[in-house]
Amino acid sequence: MGFKKWNRLLFLLVWYISGSFHKAAAQQTPVAQDFVVIGNDIGIKSVSSSGLTSIFRGKYSSWSNSQSAIIVLPSKKNPSAGLVALFLYKTSITGMQKFWLSQVFQGRSNAPSFLDSDEEIIDYVEKNPGAIGIIRKASVSSKLNPNRIILITN
Amino acid sequence: MRFFKSISFRIWMIFALMVMSVLTFFIIYYPMKQRELLTDYKKTELEETAETVATSVILALKNDDYDGVKIAINQASEKKDFEFLAVLLEEQNNKAVLASYPEVEEEKILNRTNEELLYELAPFQYGEFKGEVVVALSKTKINTTISALTQPIYITAVIVLVVSIILFYFIAAFISKPIVLLTRVTNTLKMENFEMPLSFVSSDNELGELHNSIAALQTNLLASRKRNRELTDNLEQQVIARTAELKATAEKLLEAQETARIGNFEYNIELNQWNASPISYSILQMPEQPNYPIEKFWELLKEEDAVEALAFFETFKPNVDTLFEKDFKIFLPGNSTPLWIHFTYKVLFNEKNEPRFIKGTIQDITYRKKIEEELNELSLVAKKTSNYVIITDKEKRIKWVNDSLLKVSGYSMEELIGQKPTIFQFEKSNPETLHEIRQKLAEGQEVKTEILNRGKNGNEYWLELNIVPIKNPRGETQGFIAVETDITDIKASEESIRKLNESLEIRVLENTRKNLELSGKIVEQEKLATLGELAAGVAHDLNTPLGSTKVGAESLQFTLQEIMRILPMMNNAEQSAAVSIADKIKTNLAVSGLQKKKEEAAMLHFLEEALNYQKENAALLASRLTESRIKPENQAEIERIIQSRDPLLFLDLIYNLQLKNVLLESILVSTDNAAKVVRNIRSFINKGEETGRSVILIEENIRVVLNVFQHEIKKDVELEMNIEKGLSVSGFDIKLFQLWSNLIKNSLDAMDGQEDKKIWIAGTKTGKGVLIEFSNNGPQIPQEYLDKIFRKFFTTKSNKKGTGLGLSIVKNVLEAHHAKIEVSSDASITRFSMLFPLANS
């Protein structure tokens, strides 16, 4: 093993540590204000944080207006995925996948729609009545129909 | 139990075992194979499910698309035998259950120790996800599935088994049916029930041929049994007949033994057993018991006799026919009269030449001995008597002569033995006597005669000979005994007497002549006596014509009165004509009723048709004309009668004139007959001869008599006479008058007082002679009188009418004519049938 090799290993170690710091800085506990919940014809205009968690944990299969509930979440390719997982499931993306694998496997819930970007989420919700999605506030754009926004109350 | 041994069961059992084996194998093998296959299948299916689920998990984790997992689980859960699905994740080398469907305890998933479950694992790895999918299936459910699959198989197998067993039972019964039938047939035949109907069947296989063979055998058996039965019956009958014959023979043997007083005995030396016939015990007066030791007989013998008889035993040798035979005189206990027995015995040897049996006979010969003694005594008498005795065989050859004959004849016994007694006869011996002797002896008769014989030395001697044939019980002559008495001296005395008689003979002849003269007178006297006896008959003979004459005269008187009554009513011409006609038609007025009726009918026809006489009295006139015997050929006379003033009165005159002529003629004949009788008597008295025999016409002879009795007959008797024309016999007319007169008078007397009186007289010529029958319908002559009525003085009439001589005279007359008479009488008719020899014989 030569010097170059040791240098390469050292570089990787430094990169890993720096990355970890970066992640630690980015993974600060997200709050409701970081996210915008959108829904299409789901019978409600606002939802509490706990309610929101229950909804996104697949507790309801249909809305009060008898519309089937469709949960729309960011896929692991979506940059929002880690935050959403942390916010809603208090876990990582992998944890969220396990959660939903377990839910679907046991037949407790219908499988959510995982989309690769918030725009796709906005677009999906807009097109599918009963769908409820969560995006980062930073992803809000003009494409978002304001009527789709569900207020998160405390 | 019989069923399980039957052929049907055996065939069926083989089939049943085969089917059961196949089905059992199938029932065992098929589910096992099914289970194996199904398990493999389920494992494969389980493996695929696990892998599918694992793949779906990988895809879900990779694409964040969990619908595939849901679909895979839904598909897996659709399997009914699915127990659970689980996803295990490996974290820090530990496996933990992420999720299971349906939810089960984690422990069950991780340990997987349940034997009832079948597990399958499918590992997967995606990124940091590493784990495995576990699928579990319930073996019970697999078994249930297998059971569900095999249950129809079992049911089908059971059904097939039952159906096969039943089907094979019938197949076995069908296959074994001919054998069962044959068995039944043979068993029936074995029981000798051969009459069982057994039809022939097709013989296209072995059983058919066997059946037909048995049927043929049955036919043969029936025939054989019939033959056997017939043979048995025949044998039985033969046995019965033979037994009966044997029994009869045994009885006859016993009877013969009883008669001959002979019994037999048998001694079995080896067994010391005695057996004797009943007569043996009877002769020896011993108790008749089985195995009674008849040897006690020895005790009855004198000692020397017993010793002799027993000593003889040693002389018997095998294969040499020896017999001990001797007469013994014994005295039975308590009996002083000796008993003679003829004792025989012989010894029979066995094949080892050892004495085996003693067989013998005991015969009571006391009577024979007595006879022999008597014969000896008689023989001595015969030998020593002064009479000569000769005994010959049946060929008359001399067997023995006594001393007296040897002495008188001069021959020795040796010279005479074998000779015939004709040796004693010579030329002076009477040939007729010799012939008589030969003839009587040939007929087996006893001979008693006298004969002159001559001795060897020429000495002649007269013998009174008595030869008696000796006959056996069957009557066959076995020889002759001649006992001869010498009567030479008697014969000499007879000769001297004969010569003395010759001198007396002349005187005897003279006396005889005188006696003959005296005898002639006696004959005359006897003749007169006979005449006296015949006087009554002669009186009757005379009485008949005299009676006829009297009757004729009385009738004539009556007739003349009638003529005198009618004459004044007639004019001269009629009187002359009546006389003329009466004189012209002279014939017997007697006519039979039947003939009269025929003639009346012919006359009436003649009157009405030929003469056109249609008056009312035509029938009466025809009757009266017939009575007067005027026939249609007398047409001139009939016309004269019709033309008279009163034809009936005129005819009455003619009839009375005719009757007058007939009566006068009858009186003349009767008086002539009386004269003939007188002449006959005179002739008999004077010459003892009859008047001459001549050919007599029967009808004419009888009509003369009928005329005499015509008045009585016409009064109330219907007479029918039917005699062949010209019928005649050779005889004496006077006697025949007597014959007819007595028969007619007898008939009239018999029918006296009877309303309906009929007399039939018939005469015809037959091959045997001239048959004349006098019949009347008078009362029946009692049977016991029929053989007495021809006796003299026998009569059933009152004393006034009958003398009892009438039929006696009839018999005498018939005897004079060599004729025979038979009388038959019953309630309706009495008939006298007389058969005269033909006139030319």
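Shown above is the structure to which this text applies.
Residues numbered from 1 in each chain as written. Chains lettered and ligands numbered in written order. Predicted model: local features only at pLDDT ≥ 70, side-chain atom pairs only at ≥ 80, totals over all residues. Heavy atoms only, no water.

### Overview of the overall build of chain B
Item 1. Of the regular secondary structure elements, chain B holds 23 helices and 21 strands.
Item 2. Put simply, 59% of the contacts in chain B that link residues at least 6 apart link residues at least 24 apart.
Item 3. Here chain B displays about 50000 Å² of accessible surface, and carbon together with sulfur accounts for 55% of that area. (Helix = DSSP H or I, 4+ residues; strand = E, 2+ residues; numbered from the N terminus. Contact = heavy atoms within 4.5 Å. Areas by Shrake-Rupley, 256 points an atom, 1.4 Å probe, with all protein chains shown as cover.)

### Brief notes about the interface of chain B and chain A
Item 1. With 23 residues of chain B at the contact, the number on the chain A side is 15 residues.
Item 2. Summing both partners gives a buried area of about 1800 Å² for chain B against chain A, and 63% of it is carried by carbon and sulfur.
Item 3. Taken as a group, B:Asp64, B:Tyr66 and B:Leu98 account for 35% of the area that chain B buries against chain A, more than any other trio of residues on that side.
Item 4. Where B:Glu91 meets A:Lys98, a salt bridge forms, and the shortest distance between an N and an O atom there is 2.4 Å.
Item 5. For the interface between chain B and chain A, the tally reads 12 residue pairs in polar contact (both at pLDDT 80 or more).
Item 6. Of the residues forming the side of chain B that touches chain A, the biggest block, 5 residues, is contributed by strand 1 (residues 82–91) of chain B.
Item 7. The class makeup of the residues in the side of chain B that touches chain A is 15 nonpolar, 1 polar and 7 charged. (Buried area = accessible area lost by both parts, 1.4 Å probe. Salt bridge = Lys/Arg side-chain N within 4 Å of Asp/Glu carboxyl O. Polar contact = N/O pair within 3.5 Å; in protein donor to acceptor, adjacent residues only side chain to side chain. Nonpolar A, V, L, I, M, F, W, Y, C, P; charged D, E, K, R; others polar.)

### Notes on the pattern of salt bridges
Residue and element names in this part refer to chain B.
Item 1. Considering all chains together, one arrives at 36 salt bridges over all chains under this definition.
Item 2. One salt bridge connects Glu574 with Arg645, and the closest N-O pair in it is separated by 2.9 Å. Of the two residues, Glu574 is situated in helix 15 (residues 572–584) and Arg645 in the loop between helix 18 (635–643) and helix 19 (647–686); the sequence distance between them amounts to 71 residues.
Item 3. Close ionic contact of Lys757 with Asp716 constitutes a salt bridge, the shortest N to O distance being 3.0 Å. Of the two residues, Lys757 is situated in strand 18 (residues 757–765) and Asp716 in helix 21 (residues 710–716); the sequence distance between them amounts to 41 residues.
Item 4. With a relative accessible area of 10%, Lys757 lands in the buried category.
Item 5. Given a relative accessible area of 34%, Asp716 falls into the partly exposed group.
Item 6. One network of salt bridges, with partners in common, ties together Lys596, Glu600, Arg624, Glu627 and Asp652. (Buried < 20%, exposed > 50% of the residue type's maximum accessible area, 1.4 Å probe, protein only.)

### So, the pairing of strand 11 (residues 398–401) of chain B
Within a regular beta strand, the side chains point alternately toward one face of the sheet and then the other, so they alternate between its two faces.
All names here are of chain B.
Item 1. Inspection of the sheet shows strand 10 (residues 388–393) paired to strand 11 by 3 bridges, in the antiparallel sense. Within strand 11, the residue paired with Ile391 across the bridge is Trp400.
Item 2. Counting the residues between successive antiparallel strands, the hairpin from strand 10 to strand 11 contains 4 residues, one of them, Lys396, with a positive phi of roughly 65°. (Pairing = 2+ DSSP bridges.)

### Some details on the sheet that holds strand 16 (residues 717–723) of chain B
All names here are of chain B.
Item 1. Spatially, 5 strands are ordered 16-18-19-21-20 in an open sheet, and the strand pairing comes out mixed. Of all the strands in the sheet, just strand 16 and strand 20 (820–825) have a single pairing partner and so form its edges. Direction aside, neighbouring strands of the sheet carry axes that sit 10° apart on average.
Item 2. Of the strands in this sheet, strand 16, strand 18, strand 19 (770–776) and strand 21 (830–836) are in contact with helix 22 (residues 733–750), which crosses strand 21 at around 170°. (Axes fitted to C-alpha atoms, helices over the stretch in contact; angles between N-to-C directions.)

### Notes on the environment of A:Asn40
All names here are of chain A.
Item 1. When you line up the elements, Asn40 lands in the loop between strand 1 (35–39) and strand 2 (46–48).
Item 2. Along the primary structure Asn40 and Ile122 are separated by 82 residues, whereas in three dimensions their C-alpha atoms are 9.9 Å apart.
Item 3. Among residues more than four places away in sequence, those in contact with Asn40 are Val125, Glu126, Lys127, Asn128, Pro129, Gly130, Ala131 and Arg148.
Item 4. Polar side-chain contacts of Asn40 include one of 2.9 Å to the backbone oxygen of Val125.
Item 5. Among the polar contacts made by the side chain of Asn40, one reaches the main-chain carbonyl oxygen of Glu126 at a distance of 3.0 Å.

### Concerning the environment of B:Thr830
All names here are of chain B.
Item 1. Take Thr830: it is sitting in strand 21.
Item 2. The class of Thr830 is buried, set by a relative accessible area of 3%.
Item 3. Along the sequence, Thr830 and Gln780 sit 50 residues apart, while their C-alpha atoms lie 6.5 Å from each other.
Item 4. Leaving out residues up to four positions away in the same chain, Thr830 has contacts with Phe774, Ser775, Asn776, Gly778, Pro779, Gln780, Ile781, Ser824 and Ser825.
Item 5. Side chain to side chain, Thr830 and Ser825 meet in a polar contact 2.9 Å long.

### A few points about the packing of helix 4 (residues 93–106) of chain A against helix 2 (residues 7–63) of chain B
Item 1. The interhelical angle for the contact between helix 4 of chain A and helix 2 of chain B, taken along N-to-C directions, is 140°, at an axis separation of 11 Å. The angle between helix 4 of chain A and helix 2 of chain B places the two elements in the oblique class. In this structure, the crossing between helix 4 of chain A and helix 2 of chain B has a hand that is right-handed. From helix 4 of chain A, A:Gln97, A:Leu101 and A:Phe105 reach across to helix 2 of chain B, where they touch B:Val53, B:Val57 and B:Leu61. (Parallel < 35°, antiparallel > 145°, perpendicular 65-115°, else oblique. Left-handed = near helix turned anticlockwise from the far one by under 90°.)

### Focus: the nonpolar core
Item 1. Ranked by internal contacts, the top residues of the largest apolar core, which has 56 residues, are A:Phe56, A:Leu73 and A:Ile134.
Item 2. Looking at which element gives the most residues to this core, the answer is helix 2 of chain B, with 8 residues.
Item 3. Beyond its immediate stretch of four places on either side in the chain, A:Leu73 contacts A:Phe56, A:Val84, A:Leu88, A:Tyr89, A:Met96, A:Trp100, A:Pro112, A:Ser113, A:Phe114, A:Leu115, A:Ile121 and A:Ile134. (Core = buried A, V, L, I, M, F, W, Y, C linked by side-chain atoms within 4.5 Å.)

### Comments concerning the side chain of B:Glu484
All names here are of chain B.
Item 1. Summarising the element assignment, Glu484 is placed in strand 14 (residues 477–486).
Item 2. Summary of buried charges: Glu484 has no salt-bridge partner, and the nearest side chain of opposite charge, Arg438, is 14 Å away.
Item 3. Once residues lying within four places of it in the same chain are set aside, the contact partners of Glu484 are Asn387, Tyr388, Ile390, Leu405, Leu463, Glu464 and Leu465. (Lys, Arg positive; Asp, Glu negative; His and termini not counted.)

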